[in-house]
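# Notes for the structure review
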Amino acid sequence: MRALVRLGIVLAKSLAGAGLAVLVFLTGAYFQVRGALPSYSGHVEAAGLKAPVEILRDKNAVPHITAGSIEDAAFGLGYVHAQDRFWQMELMRRLGQGRLSEVIPPSVVGSGLIDTDRTMRGLGLYRQASESVNALSPGTRTMLESYAAGVNAWLKDDDQQYGLELTLIKLLSGGRYQPEPWRSADSLVWGKLMALGLDGNWRAELLRLRLARKIGDDGVKFLIEPSGDNGDATLSLVRGATQGIDLDRLYRATDNVATRKREASNEWVLSGAHAVSGKPLLANDPHLALSFPGVWYLARLVGPGFDIRGASSPGSPAIVLGHNGTIGWGFTTTNLDSQDLFVERVDPTDPSRYITPDGARPFAVREETINVLWGDPVALRVRQTRHGVVIDDFLPRPDDTTKPGLTPAGHVLALQATALDGADTSGEGFARIGLAQNWDEFLTAARKIVSPMQNIVYADTAGNTGLLSPARVPIRRKGDGSMPVPGWTGEYDWAGFVPFDALPRAYNPAGGILVNANARVVPDTYRQFISRDWAEPYRQRRANQLLHEVERHPVYGMIVMQADNLSLDAVEMVPLLLKSAPRNPRATKVHALMGSWNYFMLASRAEPLIYTAWLVELQRGLLADELGDELYESLAAPNVPLLMRILREQPGWCDDGGTRATETCDDQIALALERALEWIARRQGADIDRWQWGREHFAVHRHPLFDRVPLLRDLASVRFPSDGGAQTLNRAQPSYRGARPFDAVHGAGYRAVYDFADLDNSRFAIPLGQSGNMLSPWARNFVDGWQALRYIEIAGTRAEATRTAIGTMALSPPVR
């Protein structure tokens, strides 16, 4: 969150000038953080339990929660999540509620925080989560309530220390801040936030419209390779209808941590015919933004009829990824296009109404108020059309009311998205997967999933394997959702959803191998439109390549694959770059070096650094002059397929319109190399033999509040040199921005391999630790093992786990 990071900058500036104040602050911070370390042993009486619950922390601080029912197990999970990660949970729910400005002063961190709250409140994400509670079955509602009761049992401790993060927030509020009780909707809003980003493409529609305005229809079609039947006439109509929109400002105002598109994960499942054991193997590593603490939290829930192990997410009552002793499952995101922008026409005779194919209708209207710490409340009046919320209404207007607004007079922009459905039962579907005992029960659970669409791989102890991509997939009457479309005609409306039985599915495929790394999940002959934003195919190709090189795979072979650093995009791109002759002795040396490179993105080597910097500079040279700086920044990440298409098919893009000379593609490649080498030399010196990718490519797990605060930064955030890159199975995606553009900010936050010959032999890994407390011994205890591929087991009987346990806590209902 950019706004939260700015709080750290302000703290840094205020602390830097006063040595004594720094000492006092750090001393107080130390004792506050130490005092907030939870006890992992003891006995607590807690209202909301049906029967006693035991929480045994194994040697890695992973809780083994033993309960008499799944509801009581959820209570225990809520309790341990609050113990270790409550401040993370609190910021997450306030983000979803649009209430960050209540506790963090925008006057200190910047108005971007209010923009975030405007967007979230305007979207009504938390309102939809609250409504979704009523759409769930009684059993799922009880599970959510039990989880909330577990969180609240921890919150109700009179002596509870909430850690430095929330103590700082309390100080900023003048002591008025107190965490509110956890509610069921607080858990569901986590899923809504994930859906908003994982299925998100509405801001991509805005970006494409910005591109069309800048470089014309033909240019944008070349850049984005449009599919579907929008056609020239439609694009022309949309551009005309949105002529007065300040697209750049609209794009900036809606940019926040919740709305940015998130993608990339790996998964594969092998039948027993391809495993040493003769039983299936399933491997999964989901990729999200890196942070401290991480997204995932390891846990085990044990009780009558269930033994679920894997990755939970603080705030959610389920094991989201893992196995249950019988079946196992993993996720990659499909990149479903489930979000469309409609340009609505306001009734020219009555601005309280808008035009539909059946005549004018009144806007639905709701009032919202954002309370602002140290500032005046912000009032919102939000309209809604038949398609969805009017995004103009929650975005800030210019101070000068004589200037045009975000949309031209007579038009507004409305967003339709499955993630904003108030009857969303996705939380129930994902929770039920963990309780399924076979393929049919798995399908029954998956029918409840609305959003986000995930490619879910499946395996079970009976030897079956499969893949399913469940969600509500819109059926559009016309178009492919890649651009905003007219809403007043009805031509582009959603006509329903793809039937569940027609969604992508495979069960016990003949080849015995299923792989997905966000690439296309359906053949070209598939009748329904899912997405045009499939990931580049390099990771998926590499996984298939490795899986077919060996006839039968062991568990550790899957772990090695997850850490594979060969970049197949470089295999394709480097020979194309080297066709351009070197133009000086330094370039000649680099050409020789790159010509002998094995394409592994290793931290200790120079080649990955040269390759990445070369790509960045080449893309800048080809696009920046056409797009302008601001628009180019939205496309800063190198796009290898696009670069290859330009070099092979459209060499006219190689000419720099800002110079008198006519540049060829060879010129641009050579110039890009020189700029890249100069940039590296300024940072690492002139000796190419001493250059290293790892000096520029740290895996950066940033603390959202304290990463910019001197002295606290090293305690609060975690950084280490990293192998890998944007297109390796060991994904370590750079930001391509800022003073350190190649630091990895996106990658695996969880890795697991499930062995269906012996599920106790399954392996699990997260990069940091269980705790969100900076000084906890369990905040970074997995870092070395993550780098050395030492995964852990979450296994054993209670007696076996007890022998190395670091603590045991008993929760029980109050004695009456």
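Definitions and limits used
- Residues numbered from 1 in each chain as written.
- Predicted model: local features only at pLDDT ≥ 70, side-chain atom pairs only at ≥ 80, totals over all residues.
- Heavy atoms only, no water.
- Helix = DSSP H or I, 4+ residues; strand = E, 2+ residues; numbered from the N terminus.
- Expected span 1.5 Å × (residues − 1).
- Bend = angle between axes of the 7 residues up to and from the residue.
- Buried < 20%, exposed > 50% of the residue type's maximum accessible area, 1.4 Å probe, protein only.
- Axes fitted to C-alpha atoms, helices over the stretch in contact; angles between N-to-C directions.
- Parallel < 35°, antiparallel > 145°, perpendicular 65-115°, else oblique.
- Left-handed = near helix turned anticlockwise from the far one by under 90°.
- Contact = heavy atoms within 4.5 Å.
- Nonpolar A, V, L, I, M, F, W, Y, C, P; charged D, E, K, R; others polar.
- pLDDT = per-residue confidence, 0-100.
- Disulfide = S-S within 2.5 Å.
- 1 Å grid on protein atoms, 1.4 Å probe; cavity = no way out; pocket = protein on both sides within 12 Å on 5 of 7 lines; lining within 4 Å.
- Points joined across faces, edges and corners; volume = space filled by probe spheres on them.
- Pairing = 2+ DSSP bridges.
- Phe/Tyr/Trp six-rings, centres within 6.5 Å; stacked < 30°, edge-to-face > 60°.
- Lys NZ or Arg CZ within 6 Å of the ring centre and 35° of its normal.
- Salt bridge = Lys/Arg side-chain N within 4 Å of Asp/Glu carboxyl O.

## A word on helix 19 (residues 607-627)
- In a regular helix each residue adds 1.5 Å, so 21 residues correspond to 30 Å; helix 19 covers 29 Å between its end C-alpha atoms and thus fits that length.
- A maximum bend of about 35 degrees is found in helix 19 at Gly621.
- Judged by how many residues are buried, helix 19 sits mostly within the fold: 18 of 21 residues are covered.

## Focus: the packing of helix 19 against helix 21 (residues 640-649)
- Contact geometry for helix 19 and helix 21: axes closest at 11 Å, N-to-C directions at 55 degrees. By the angle between their directions, the pair helix 19 and helix 21 is classed as oblique. Seen along the crossing, helix 19 lies across helix 21 with a hand that is left-handed. The segment helix 19 lies against helix 21, with Tyr611, Leu615, Leu618, Gln619, Leu622 and Leu623 engaging Val640, Leu642, Leu643, Ile646 and Leu647.
- Partitioned by chemical class, the residues of the contact of helix 19 with helix 21 number ten nonpolar, one polar and no charged.

## Let's talk about the confidence of the model for the protein
- Per-residue confidence for the protein averages 90 on the pLDDT scale, and 91% of its residues sit at or above 70.
- Low pLDDT, under 50, characterises residues 226-233; the stretch is placed with 13 contacts to residues that sit more than four places away or in other chains.
- Across residues 400-405 the pLDDT falls below 50, and counting only partners more than four positions away or on other chains, this stretch makes four contacts in the model.

## Topic: the state of the cysteines
- Summed over the entire model, instances satisfying the criterion amount to one disulfide.
- Covalent S-S linkage joins Cys654 and Cys665, the inter-sulfur distance amounting to 2.0 Å. In this structure, the disulfide formed by Cys654 and Cys665 twists by about 85 degrees around the S-S bond and is classed as right-handed. Residue Cys654 is found in the loop between helix 21 and helix 22 (665-684), and its partner Cys665 is found in helix 22; the two are separated by eleven residues along the sequence.

## Let's talk about helix 5 (residues 112-123)
- For helix 5, built from twelve residues, the straight-helix expectation of 16 Å at 1.5 Å per residue is met to within 8% by its first-to-last C-alpha distance of 16 Å.
- Counting buried residues along helix 5, ten of its twelve residues qualify, which places the element largely inside the surrounding structure.
- Those residues of helix 5 that fall on the buried side of the exposure criterion are Leu113, Ile114, Thr116, Asp117, Arg118, Thr119, Met120, Arg121, Gly122 and Leu123.
- Of the residues flanking the end of helix 5, it is Gly124, one or two places downstream, whose phi is positive at about 70 degrees.

## Here we look at empty space enclosed by the protein
- Throughout the structure, instances matching the rule amount to six cavities of 30 Å³ or more.
- By volume, the largest cavity amounts to about 500 Å³.
- Lining of the largest cavity is provided by 35 residues; of these, Trp190, Gly191, Val320, Phe430 and Pro452 occupy positions nearest its centre.
- Residue contributions to the lining of the largest cavity peak at eight residues, all from helix 9 (residues 184-198).
- Of the pockets and cavities examined, the second largest cavity occupies roughly 140 Å³.
- As for the second largest cavity, its lining consists of 16 residues, and the residues nearest its centre are Ser291, Gly294, Val295, Gly749 and Pro767.
- In terms of residue count, the dominant contributor to the lining of the second largest cavity is strand 5 (residues 281-289) (three residues).

## Overview of the sheet that holds strand 6 (residues 297-303)
- Strand order in the open sheet made by the eleven strands is 1-30-2-3-6-7-8-9-17-18-22, with mixed pairing throughout. Each having just a single partner strand, strand 1 (42-45) and strand 22 (505-507) make up the two edges of the open sheet. Mean inter-strand twist for the sheet, computed between neighbouring axes without regard to direction, equals 25 degrees.
- Taken together, the seven bridges between strand 9 (residues 327-333) and strand 17 (residues 454-460) define a ladder with antiparallel strand orientation. By the bridge assignment for strand 17, Trp329 is matched with Tyr458.

## Some thoughts on the packing of aromatic side chains
- For the structure shown, the criterion picks out 18 aromatic pairs.
- When the centroid spacing of 5.3 Å and the interplanar angle of 55 degrees are considered together, the rings of Trp597 and Tyr599 count as tilted. The two residues Trp597 and Tyr599 agree in class, both being buried.
- Between Tyr736 and Phe742 the ring centres are 6.4 Å apart and the planes differ by 75 degrees, which places this aromatic pair in the edge-to-face class.
- In this structure Phe742 comes out as buried when scored by relative accessible area, which is 3%.
- Above the ring of Tyr40, the side-chain terminus of Arg57 is found at 3.9 Å from the ring centroid.
- In this structure, Arg780 packs its charged tip against the face of Phe292, placed 5.3 Å from the ring centre.

## What to know about the pattern of salt bridges
- Under the counting rule described, the total for this entry stands at 46 salt bridges.
- The salt bridge involving Arg99 is made with Glu180; its shortest N-O contact spans 2.7 Å. Of the two residues, Arg99 is situated in the loop between helix 3 (70-97) and helix 4 (106-109) and Glu180 in the loop between helix 8 (163-172) and helix 9; the sequence distance between them amounts to 81 residues.
- Under the relative-accessibility criterion, Glu180 is labelled partly exposed at 24%.
- The partner of Asp493 in a salt bridge is Arg477, and the shortest N-O contact between them spans 3.8 Å. Of this pair, Asp493 sits in the loop between strand 20 (485-486) and strand 21 (494-497) while Arg477 is found in the loop between strand 19 (474-476) and strand 20, placing the two residues 16 residues apart along the sequence.

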